[in-house]
Every structure is written in structure tokens, then in C-alpha cells.
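# A look at the structure
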Amino acid sequence: MTEPQTVRTPSWMILDPDERVVLRTSPSTNLLMAGIVVGFFFIVFVSLPFVVVGAVDAGRQSTFAAIGLVLLTVLLLFFWINNREYTVTTKRVSVASGLVSRDVRSIDIEEVDEIELEQDRWHRLLSVGTLQFVAGSDRYLAFNLVESPHFIYEQTLDLV
């Protein structure tokens, strides 16, 4: 018989003696690739009209502005992805975020009434989705844009 695979406890989390980490994930890096691809097409479509008309100087300026905007967007997306972590333990669901300091929000597993999985057409294309853990009518935690959302849904559904 094989032992269940252990998931490393995040450094920001203190576990009770009878608590263990079941799942640990973060937003999908597929979003970065999508941002780069969309950014490339954005740069081409911003520059193309100026090239066709022959306004080289204006085209160069708009191209540099578009490149700057795309780079800024990809950089912000990179920081958002790398500074957010989602964890499910046998007792709670937690979301930790923050670049300099950590903001940790948790809901006890016993309080979770429902798990909602949201995945539209574009999310399916990128293999991402959002899970919402609903506790009561006014409290919820969201695992935004995680990879393999159906797998996470199945894993956490057993705990609720």
C-alpha cells in the first residue's frame, strides 16, 4: 500500500497537531503566456495602420507605447501570480497574498456550505477556472484562475 503524498506546509501557515495540508496551488502561469500572445497581437495591430499609411515616426511612437503597455501588463500579471497562494487543509481553506507583507484569509472547512466552479469558454481554452468556497450568504474565498480547476474541485469536495 502506498503512503498518501504529503504536501509541504507553507511558511506562513501554522497547523494544528491533527491538521494536514491537502492541496496547495496558485494562479496558473498559462495566464502569462496568454498575456504575451495577446500583447504581441496588440503591438502588431497598433503598429500596422501606421506602417500601411507610411507614418513611420508616429508608428514608431505608438509601437513603443504599445510595447511598454504590454510589458507593464505582463509584469503586473507575473507579480499577481507569484504573490498569491491557495491552500486547503483538513480544517480550513486559505488564501495568502501580498508582495511585501502577507494577507491571509481563511474559512473553516466546517463553515463551507458550497463550492462553486466557474469556467467560461476562454478559461477552458487556458485550462483555468475559479473556485469559490461559500460560507453563509456573505462570506466566501476565491481561488482565482487556478490550473486544473476540476481536479481541485473534486479534491476539496470530499472535505466539505
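Conventions and cut-offs
Residues numbered from 1 in each chain as written. Predicted model: local features only at pLDDT ≥ 70, side-chain atom pairs only at ≥ 80, totals over all residues. Heavy atoms only, no water. Pairing = 2+ DSSP bridges. Helix = DSSP H or I, 4+ residues; strand = E, 2+ residues; numbered from the N terminus. Axes fitted to C-alpha atoms, helices over the stretch in contact; angles between N-to-C directions. Contact = heavy atoms within 4.5 Å. pLDDT = per-residue confidence, 0-100. Polar contact = N/O pair within 3.5 Å; in protein donor to acceptor, adjacent residues only side chain to side chain. Patch = residues over 30% accessible without salt bridge, like charges linked within 9 Å, V, L, I, M, F, W, Y side chains within 5 Å. Areas by Shrake-Rupley, 256 points an atom, 1.4 Å probe, with all protein chains shown as cover. Salt bridge = Lys/Arg side-chain N within 4 Å of Asp/Glu carboxyl O. Phe/Tyr/Trp six-rings, centres within 6.5 Å; stacked < 30°, edge-to-face > 60°. Buried < 20%, exposed > 50% of the residue type's maximum accessible area, 1.4 Å probe, protein only.

### Quick notes on the sheet that holds strand β1 (residues 21-25)
One open sheet holds the 4 strands; their spatial order is β1-β2-β3-β4, and the pairing between them is antiparallel. Among the strands making up the open sheet, the edge pair consists of β1 and β4 (103-108). Each strand axis lies, on average, 15° off the axis of its neighbour in the sheet, ignoring direction. As judged from the 6 bridges shared by strand β3 (residues 92-97) and β4, these two strands associate in the antiparallel manner. Paired with Ser 97 across the bridge in β4 is Asp 103. The strands touched by helix α4 (residues 149-157) are β1 and β2 (84-89); relative to β1, the strand with the most contacts, the crossing angle is about 160°.

### Thoughts on the confidence of the model for the protein chain
Of the residues in the protein chain, 91% reach a pLDDT of 70 or more, and the chain-wide mean stands at 86. When pLDDT is averaged over each helix and strand of the protein chain, the minimum, 78, is found for helix α1 (residues 30-53) and the maximum, 95, for β3.

### Quick word on the side chain of Gln 119
Topologically, Gln 119 is positioned in the loop between β5 (114-118) and α3 (121-126). A polar contact of 3.0 Å, which involves the side chain of Gln 119, links it to the side chain of His 150. Not counting the four nearest positions on each side in its chain, Gln 119 is found in contact with Arg 124, Ser 127, Val 128, Gly 129, Pro 149 and His 150.

### Details of a nonpolar patch on the surface
A contiguous nonpolar patch, built from Val 37, Phe 40, Phe 41, Val 44, Phe 45 and Leu 48 and spanning about 580 Å² of accessible area, is present on the exposed surface. Its location among the elements puts Val 37 in helix α1.

### A closer look at the packing of aromatic side chains
With the rule as written, the count across this model stands at 4 aromatic pairs. Relative to Phe 79, the ring of Phe 78 lies with its centre 5.7 Å away and its plane at 70°, an arrangement referred to as edge-to-face. Judged by relative accessible area, Phe 78 falls into the partly exposed class, the value being 37%. What makes Phe 79 partly exposed here is its relative accessible area of 37%. Here a set of aromatic residues connected by ring pairs shows up, and it is made of Tyr 86, Phe 133 and Phe 143.

### A look at the side chain of Ser 97
For Ser 97, the location among the structural elements is in strand β3. For Ser 97, a relative accessible area of 15% puts it in the buried group. Setting aside anything within four residues of it in sequence, one finds Ser 97 in contact with Asn 83, Arg 84, Arg 102 and Asp 103.

### Considering the sheet that holds strand β6 (residues 128-135)
What holds strands together in a sheet is hydrogen bonding between their backbones, with the strands either parallel or antiparallel. Taken in spatial order, the 3 strands make up an open sheet running β5-β6-β7, and their pairing is antiparallel. Each edge of the open sheet carries a strand with a single partner, namely β5 and β7 (139-147). Put simply, the sheet's adjacent strands are angled 20° from each other on average, direction ignored. Where β5 meets β6, 5 bridges bridge the pair, whose relative direction is antiparallel. From the neighbouring strand, Glu 118 faces β6, where its bridge partner is Thr 130.

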